[in-house]
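Structural overview
Here is how the chains run, residue by residue.
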Amino acid sequence: MAKKQKFPHLLGSKWTATQKMWGWRHFQVVNRKQDGKWVFAEMVSSCDPTVRFWLNAQAFKDRSQWQPGWQTLDEMASEPDELVFIE
């Protein structure tokens, strides 16, 4: 039986960086590679295709750094913070 692939829908996915990276926020995954237990995504800026870099796919789980899809600054600001209950 084949092992389950980590991050199976990574290729072609779109992401918004919460902080500018090389001057841009909107990126798309154009390549994927697995190196042992690690999965990496090649990111390309949607506005400047010369801006390319590899990123550990685990970074996408941190919503304080990456948001799924392409979002405007207004959309990112309007998202409610996680609720914290204090007893």
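The preceding data block contains the structure.
Figured I'd write up the structure that's included with this text. Keep in mind it's a predicted model, so treat the numbers as computed, not measured.

**Re the environment of Arg63**
Within the fold, Arg63 resides in the loop between β4 (52-56) and β5 (66-68). The class for Arg63 is partly exposed, based on a relative accessible area of 41%. Here the alpha-carbon distance between Arg63 and Thr16, two residues 47 residues apart in the chain, equals 9.9 Å. Excluding residues within four positions of it along the chain, Arg63 makes contact with Trp15, Thr18 and Pro68. Reaching out from Arg63, the side chain makes a polar contact with the backbone oxygen of Phe60 at a distance of 2.4 Å.

**A word on the pairing of strand β2 (residues 24-35)**
Inspection of the sheet shows strand β1 (residues 14-21) paired to β2 by four bridges, in the antiparallel sense. Residue pairing for β2: Thr16 is matched across the bridge by His26. What sits between β1 and β2 in their antiparallel hairpin is a turn of two residues, with Trp22 showing a positive phi close to 55°. Here eight bridges tie β2 to strand β3 (residues 38-45), and the two strands are oriented antiparallel to one another. Residue pairing for β3: Asn31 is matched across the bridge by Glu42. Linking β2 back to β3 in an antiparallel pair, the connection comprises two residues, with Gly36 at a positive phi of about 65°.

Rules used in this analysis
Throughout, a residue's number is its position along its own chain's written sequence, starting from 1. Predicted model: local features are reported for residues with pLDDT of at least 70 only, side-chain atom pairs are reported and counted for 80 or more only, and whole-chain, interface and lining totals are derived from all residues. To get the side-chain values, take all heavy atoms of the structure and skip hydrogens and water. Secondary structure elements follow DSSP: runs of H or I no shorter than four residues count as helices, runs of E no shorter than two count as strands, and numbering proceeds from the N terminus. Only protein chains enter the calculation, and the probe is 1.4 Å; a residue is then buried if its accessible area is under 20% of its type maximum, exposed if over 50%, and partly exposed in between. Note on contacts: a residue pair is in contact if any heavy atoms of the two residues lie within 4.5 Å. Between N or O atoms, a polar contact is any pair within 3.5 Å; within protein, one atom must be a potential hydrogen donor and the other a potential acceptor, and residues adjacent in sequence are included only when both atoms are from side chains. Two strands are said to pair when DSSP picks up at least two bridges between them.

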